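Tertiary structure, described
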Amino acid sequence: MEKILDFVKKNKLIKEGEVVGVGVSGGIDSMCLLHFLNAHKEALDIDVVAIHINHGIREESDDEARFVVQKCKEMGVRVYKFSIDAPKIAKEEKLSLETAARDGRYNVFETLVKKDIVDKVALAHHQSDQAETILMHIFRGCGVSGARGMEPIRDKIYIRPMLPVSKEDISDYANMNNIDYVEDSSNKDTSYTRNYLRNVVMKDILKKWPNAIEAINNFAGCVCEDDDYIKSTINTNALMVDKKVVQMPCYYFKGKSAVYSRIVFKALLLIGVNKDIERKHIEMIKELATSLENGKKINLPFDVTVSKEYDFLTFENNYVERAELGKPFKMEDFSVSNFGTIVLKRVKTEKMGEKGALYFDNKKLPKGAKWRYREDGDIFEKFGGGGTKKLKSFLIDKKVPVRLRDFIPVLACGNEVYVIAGVEVSEKVKVDADAPTCVRLTVKK
């Protein structure tokens, strides 16, 4: 267990003065991690607290919560206790019980960090957990990123100080320090994926290859070194980033898989996705870039949408449903969710010409014109001549990305569109030279 201190310092897992919250289930791994960090808090110059989450899965969960609270009291460690209803989450969100429990658990951790109650969350994953995780990733069809296994630190929050520690080391530490712990009865339930891998697959592997866990961890270390080197040679300057949207040029896919797959992972990481993306997803993205037509899109895990927009792929996280919009035309500013603020001002016609602004004659608008989103059957008369087109076709001509078209407010009456905010105005509301005033429209993003 003493190797934990060197591992923490080498990987810069903790800064002096930080509050480290240890995820404590009551099992041997988390109880030993809590005990070790608390015993070395002066050396690390940190404060240590415990975080216990009752997932509401087993009858003995309440007893385990009381056990953790009592042991923390004996150690003089402050404990934060929470309860979540994992079975309910699983049913409502249509998730596996494992995933629902994990999501609920991490929601608690993130809340504690956001409220500045803790700076880091320490998790008790060790060598055996790492080996199991790597095998699970491989069986699911991961690429190199999955074969790396769990990182010592993730999202600058979650730390795994015990990754270099074996299960035997942990058992020895518990015996030496008389650490009490509880056995989770669900750990024997092989209907859970990880339990099946641990209790069935790994058990058989270790009979044949006793050093398999160490070998798998060494393999992951080699993968990390090679992966980091290859990444250092790849130029990703062509990626364009805007909050939770990243654009990637399609020409990247003319190169080698070793290159474009890593650029895809970089794009996904930039929008906050760093797991559950497999080789099959990379191939789907490549097909989108090289074979499918403009406007096509695919959906990936974690609500990620990848759209083909001419010569680019656009990766978007948390695609947001548009808010309701049905606003009669008035000379007043208003905000539109996921679009911006529409600013309307009456100006003299002779003052027209501001870059990026649209100008129209509101006196030519029919009674009942209102702001809304586009609808099936909408038409638009092109400014400056060129006839009437379907609004969809006009937006395609203007190269407005598919993902944005449903969020652009239009000023319309019936299916006749007179103004497309931030894009164009119709010939039917153009400002004549003899008009004394007109309306200037600008958009504040």
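Per chain, residue numbering runs from 1 following the sequence as it is written. Where totals are concerned, whole chains, interfaces and linings use all residues; where local detail is concerned, this predicted model gives features only for residues with pLDDT of at least 70, and gives and counts side-chain atom pairs only at 80 or more. The side-chain figures draw on all heavy atoms in the structure; neither hydrogens nor water molecules are used.

The next point concerns the overall build of the protein. In DSSP terms, a helix is any run of H or I states spanning at least four residues, a strand is any run of E spanning at least two, and both are numbered starting from the N terminus. For the protein, the count of helices and strands is 15 helices and 22 strands. Computed over the C-alpha atoms, the radius of gyration of the protein is 29 Å, more than 25% above the 22 Å expected from 2.2 N^0.38 for a compact globule of 445 residues. For the protein, the spread of C-alpha atoms along the principal axes amounts to about 95 × 50 × 40 Å. The buried share among the 445 residues of the protein stands at 46%. Contacts: residue pairs with any heavy atoms within 4.5 Å of one another. In the protein, of all internal contacts separated by at least 6 residues, the share reaching a separation of at least 24 is 69%. The size measure is the radius of gyration over C-alpha atoms, and the globule rule it meets is 2.2 Å times the number of residues to the 0.38 power. Only protein chains enter the accessibility calculation, which uses a 1.4 Å probe; a residue whose area is less than 20% of its type maximum is buried, one above 50% is exposed, and one in between is partly exposed.

Axis angle and axis distance: for two packed helices, these are the angle between their axes and the distance between the axes, and together they describe the pair. Orientation is described by lines fitted to C-alpha atoms, with helices fitted over the stretch in contact, and by angles between N-to-C directions that extend from 0 to 180 degrees. One way to put it is that helix α12 (residues 257-270) packs onto helix α13 (residues 279-290) with a least axis distance of 11 Å and a crossing angle of 100 degrees. If you check the angle between α12 and α13, you find them roughly perpendicular. Every residue of α13 that contacts α12 at Ser-257, Tyr-260, Ser-261, Val-264 and Phe-265 is listed here: Arg-279, Ile-282, Glu-283, Ile-285 and Lys-286. Angles are sorted into four bins: roughly parallel if under 35 degrees, roughly antiparallel if over 145, roughly perpendicular if 65 to 115, and oblique for all others.

Quick look at the environment of Met-248 now. For Met-248, the position within the fold is in strand β8 (residues 245-249). For Met-248, a relative accessible area of 0% corresponds to the buried category. Excluding its chain neighbours within four sequence positions, the residues that come into contact with Met-248 are Leu-239, Phe-253, Tyr-260, Ile-263, Val-264, Asp-311, Phe-312, Leu-313 and Phe-315.

As a further point, take the sheet that holds strand β13 (residues 334-336). Overall, antiparallel pairing links the four strands, which are arranged β13-β14-β22-β15 in an open sheet. Whereas interior strands pair on both sides, the edge strands pair on one side only; in this sheet they are β13 and β15 (358-360). Averaged over all adjacent pairs, the angle separating strand axes in this sheet is 30 degrees, with direction ignored. When DSSP finds at least two bridges between two strands, those strands are taken to pair. With three bridges joining them, β13 and strand β14 (residues 340-348) adopt antiparallel strand pairing. Paired with Phe-334 across the two strands is Ile-342, which belongs to β14.

In this structure, Val-108 sits in helix α6 (residues 97-114). You can call Val-108 buried: its relative accessible area is 10%. Sequence spacing of Val-108 and Ser-83 is 25 residues, and the spatial spacing of their C-alpha atoms is 9.4 Å. Not counting residues up to four positions away in its chain, the partners in contact with Val-108 are Ile-51, Ile-53, Phe-82 and Ile-84.

Right, let's talk about the pattern of salt bridges for a bit. We define a salt bridge as a side-chain nitrogen of Lys or Arg found within 4 Å of a carboxyl oxygen belonging to Asp or Glu. Applying the stated criterion to the full structure yields 29 salt bridges. Among the ionic pairs, Lys-120 bridges to Glu-18, the shortest N-O distance being 3.0 Å. With a gap of 102 residues between them, Lys-120 in strand β4 (residues 120-122) and Glu-18 in the loop between α1 (3-10) and β1 (19-23) connect regions that are remote in the sequence. One exposure class covers both Lys-120 and Glu-18, and it is buried. Among the ionic pairs, Arg-198 bridges to Glu-132, the shortest N-O distance being 3.0 Å. Here Glu-132 lies in helix α7 (residues 127-139) and Arg-198 lies in helix α10 (residues 193-208), a separation of 66 residues in the sequence. Using a relative accessible area of 4% as the deciding quantity, one classes Glu-132 as buried.

Formed by 36 residues in total, the largest nonpolar core has its most connected members in Met-1, Val-22, Cys-32, Leu-34, Leu-37 and Met-162. For this core, the secondary-structure elements that each account for two or more residues are α1, β1, α2 (28-39), β2 (47-54), α4 (61-75) and α9 (167-176). Examining the composition of this core, we find that seven residues originate from one element, α2, more than from any other. Setting aside its immediate chain neighbours within four residues, Met-1 contacts Cys-32, Phe-36, Met-162, Val-165, Asp-169, Ile-170 and Tyr-173. Side-chain atoms within 4.5 Å are what join buried Ala, Val, Leu, Ile, Met, Phe, Trp, Tyr and Cys residues into a set we call a nonpolar core. Counting residues in each nonpolar core, the second largest holds 31 residues, with Leu-325, Phe-339, Val-400 and Leu-411 among its members.

Side chains of Ile-138, Phe-139 and Phe-219 sit close together on the surface and give an oily, nonpolar patch of about 310 Å² of accessible area. Topologically, Phe-139 is positioned in helix α7. Two distance rules govern patches: like charges are joined within 9 Å, and nonpolar side chains (Val, Leu, Ile, Met, Phe, Trp, Tyr) within 5 Å, applied only to residues with over 30% relative accessible area and no salt bridge. Each accessible area is a Shrake-Rupley result for a 1.4 Å probe, and residues are judged covered by the shown protein chains and nothing else.

Moving on to the side chain of Lys-71. Looking at the element boundaries, Lys-71 is found in helix α4. In this structure Lys-71 comes out as buried when scored by relative accessible area, which is 15%. Only 2.7 Å separates the side chain of Lys-71 from the side chain of Asp-180, close enough to count as a polar contact. Excluding anything up to four places from it in sequence, Lys-71 contacts Met-31 and Asp-180. Within 3.5 Å is the distance limit for a polar contact, defined as a pair of N or O atoms, with the added protein rule that one can donate a hydrogen and the other accept it, and that residues adjacent in sequence qualify only through two side-chain atoms.

Below, the discussion takes up the pairing of strand β22 (residues 437-444). For a regular strand, side chains alternate in direction, first toward one face of the sheet and then toward the other. As paired strands, β14 and β22 are joined by eight bridges and run antiparallel to one another. Counted as the bridge partner of Lys-345 is Arg-440 from β22. Pairing of β15 with β22, which is carried by three bridges, proceeds in the antiparallel orientation. Counterpart to Phe-360 in the pairing with β22 is Val-439.

Checked against the element boundaries, Met-162 lands in the loop between β6 (158-159) and α9. When the C-alpha positions of Met-162 and Lys-3 are compared, they lie 8.6 Å apart, and in sequence the two are 159 residues distant. Not counting residues within four places of it along the chain, the set of residues in contact with Met-162 comprises Met-1, Ile-4, Asp-29, Leu-33, Ala-124, His-125, His-126, Gln-127 and Ile-170.

Let us look at α12. Helix span is expected to be 1.5 Å times the residue number reduced by one. Look at α12: 20 Å from first C-alpha to last across 14 residues, which is about the 20 Å you get at 1.5 Å a residue. Inspection of α12 places Tyr-260, Ser-261, Arg-262, Ile-263, Val-264, Ala-267 and Leu-268 among the buried residues, and these make up the whole buried set. Of the residues one or two after α12, Gly-272 is the one with positive phi, at around 90 degrees.

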